[in-house]
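Topology and contacts: notes
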Amino acid sequence: MYKLMQALEAKTFIGSLVVIIAYISESMHEVFVILAAFMVLDYITGFVCGLTKEGGFSYKKGITGALKKLSYLVLILITILIEFLINYLTSDAGLNIPIGNSITLAVYIYLIGTEGLSIIQNLIILGIPVPPFMIKLFGLIKDQSGNIIRK
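First things first, this report covers the structure right here in the doc. (Residues numbered from 1 in each chain as written. Predicted model: local features only at pLDDT ≥ 70, side-chain atom pairs only at ≥ 80, totals over all residues. Heavy atoms only, no water.)

Observations concerning the overall build of the chain
- Looking only at helices and strands, the chain has 5 helices and 0 strands in total.
- Shown N-terminal to C-terminal, the secondary structure of the chain runs as helices and strands in the order α-α-α-α-α.
- Sorting the 151 residues of the chain into buried and exposed places 31% on the buried side.
- Here the chain has roughly 9,800 Å² of accessible surface; of this, 70% comes from carbon and sulfur atoms. (Helix = DSSP H or I, 4+ residues; strand = E, 2+ residues; numbered from the N terminus. Buried < 20%, exposed > 50% of the residue type's maximum accessible area, 1.4 Å probe, protein only. Areas by Shrake-Rupley, 256 points an atom, 1.4 Å probe, with all protein chains shown as cover.)

Printed below as a string of structure tokens:
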């Protein structure tokens, strides 16, 4: 339980740092909020899947999931800082390369896809009927018998 609390504290600290830097650098927008919602939904559906499995919820997997989300926030922070550096260096050199927040936005969208895939997989494991277009949207593959292939 102590390790879980440490992971949550670290996640909260880094998450707060990412939000502050994203706000200052104007990289915080609706897509970030959508990513945050997907991260929470993935954690919740993963937790529920853990409860339904034999043996119950695994704290080790729970901590691993929290650390994965923390790593996403670190990736976003690095992306924001790189974007800031590119903007700073190009403007200092007298170049006008309008990248805006395009790199950070691309990372947000990639992570939303990753989280969405995980959420859909969790829902399928829980027996929730997922519409075929959602399965295709998040790139889940079916084998020849029509079963979803899980990695």
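On we go from here.
A few points about the pattern of salt bridges
- Across all of its chains, the model carries 2 salt bridges by this definition.
- Put simply, lysine 69 and glutamate 115 hold a salt bridge, and the shortest N to O gap is 2.8 Å. On the criterion of sequence distance, the pair formed by lysine 69 in helix α3 (residues 59-92) and glutamate 115 in helix α4 (residues 102-125) is long-range, its members being 46 residues apart. Summarising the burial analysis for this pair, lysine 69 and glutamate 115 share the class buried.
- The structure contains a network of salt bridges with shared partners spanning Asp42, Lys69 and Glu115. (Salt bridge = Lys/Arg side-chain N within 4 Å of Asp/Glu carboxyl O.)

Topic: the environment of valine 40
- Inspection of the secondary structure assignment puts valine 40 in helix α2 (residues 30-52).
- Accessibility expressed as a relative area gives 49% for valine 40, which makes it partly exposed.
- Between the C-alpha atom of valine 40 and that of glutamate 115, which follows or precedes it by 75 residues, the distance is 9.3 Å.

Brief notes about the nonpolar core
- By size, the foremost hydrophobic cluster in this structure holds 12 residues: Val31, Phe32, Leu35, Met39, Tyr72, Leu73, Ile76, Ile80, Val107, Tyr108, Leu111 and Ile112.
- Every element with two or more residues in this core is listed here: α2, α3 and α4.
- Once residues within four sequence positions are removed from consideration, leucine 111 is found in contact with Leu35, Tyr72, Leu75 and Ile76.
- Among the nonpolar cores identified, the runner-up in size contains 5 residues, and Ile120, Ile124, Ile135 and Phe138 belong to it. (Core = buried A, V, L, I, M, F, W, Y, C linked by side-chain atoms within 4.5 Å. Contact = heavy atoms within 4.5 Å.)

Remarks on the side chain of lysine 69
- Lysine 69 gets classed as buried once you look at its relative accessible area, which sits at 2%.
- Among the polar contacts listed, one links the side chain of lysine 69 to the side chain of aspartate 42, at a separation of 2.5 Å. (Polar contact = N/O pair within 3.5 Å; in protein donor to acceptor, adjacent residues only side chain to side chain.)

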